[in-house]
Amino acid sequence: MRIHLLAIGSKMPDWVNTATDEYIGRMPPHCRVITHEIAAEKRTKTADLKKIRELEGDKLLTAIPAGSLVIALDVLGKAWSTEQLAQNLNTWMVGGRDVALLVGGPEGLSQACIDRAEIRWSLSPLTFPHPLVRVMVAEQLFRAWSILSNHPYHRAD
């Protein structure tokens, strides 16, 4: 199984790439995480932000690998504990489908992305900068895998 982290924005700061790559690199080959950076639309003072969100949404939808389980990272989605994420990760691995995680840009995900998603996942009721979401998702995926593998990384009781 592969987890495709489809995220709006390229040319991330070094700390984003370093941290994301650190956690992704710890994942086993049978649960590989692949980051797909999708170029953000140009924003100007007079830009139509709704149109930008729609254009970026179209790019995300086009990038979803065929047959993937689509999960939208959305503040209005369901919040999972790390243990619940581990259970979901196990279900995804057993299911055999690739997973596509959709991370929007500064304006969030388009309605088309939300509608396409089979699952909506909220990291928190807080709003995070989209580059930080990449790091948080990568770390939580590794933590969930560590729970499933009895790896000492996750030490909560």
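First things first, this report covers the structure right here in the doc. Note that the coordinates shown come from a computational prediction; the quantities given were computed from them, not determined experimentally.

Helix and strand counts for the protein come out as 5 helices and 5 strands. Each helix and strand of the protein, placed in order from N terminus to C terminus, yields the pattern β-α-β-α-β-α-β-α-β-α. The C-alpha radius of gyration of the protein comes to 15 Å, within 12% of the 15 Å expected for a compact globule of 157 residues. The C-alpha extent of the protein, read off along each of the three principal axes, is 50 × 30 × 30 Å. In the protein, which comprises 157 residues, the share counted as buried stands at 44%. Counted over contacts in the protein with a minimum sequence separation of 6, partners at least 24 positions apart contribute 82%. Looking at the protein as shown, the accessible area adds up to about 8,300 Å², and 53% of this sits on carbon and sulfur atoms.

What follows is about the packing of helix α3 (residues 82-95) against helix α5 (residues 130-148). Where α3 meets α5, the closest approach of the two axes is 8 Å, and the angle between their N-to-C directions is 80°. Here α3 is positioned roughly perpendicular relative to α5, judged by the angle of their axes. Of α5, the residues touching α3 (which contributes Thr82, Glu83, Leu85, Ala86, Leu89, Asn90, Trp92 and Met93) are Gln140, Leu141, Arg143, Ala144, Trp145, Ile147 and Leu148. Of the residues assigned to the contact of α3 with α5, the class counts are 10 nonpolar, 3 polar and 2 charged.

A few words on the pairing of strand β2 (residues 32-38). On a regular strand, one side chain projects to one face of the sheet and the next to the other, so that they alternate. As paired elements, strand β1 (residues 2-8) and β2 share 7 bridges and run parallel to each other. Paired with isoleucine 8 across the two strands is isoleucine 38, which belongs to β2. Regarding the hand of the β-α-β motif, the stretch spanning β1, helix α1 (residues 14-26) and β2 is right-handed.

About the thresholds
- Residues numbered from 1 in each chain as written.
- Predicted model: local features only at pLDDT ≥ 70, side-chain atom pairs only at ≥ 80, totals over all residues.
- Heavy atoms only, no water.
- Helix = DSSP H or I, 4+ residues; strand = E, 2+ residues; numbered from the N terminus.
- Rg over C-alpha atoms; globule rule 2.2 N^0.38 Å.
- Buried < 20%, exposed > 50% of the residue type's maximum accessible area, 1.4 Å probe, protein only.
- Contact = heavy atoms within 4.5 Å.
- Areas by Shrake-Rupley, 256 points an atom, 1.4 Å probe, with all protein chains shown as cover.
- Axes fitted to C-alpha atoms, helices over the stretch in contact; angles between N-to-C directions.
- Parallel < 35°, antiparallel > 145°, perpendicular 65-115°, else oblique.
- Nonpolar A, V, L, I, M, F, W, Y, C, P; charged D, E, K, R; others polar.
- Pairing = 2+ DSSP bridges.
- Right-handed = clockwise from strand over helix to strand, strands pointing away.

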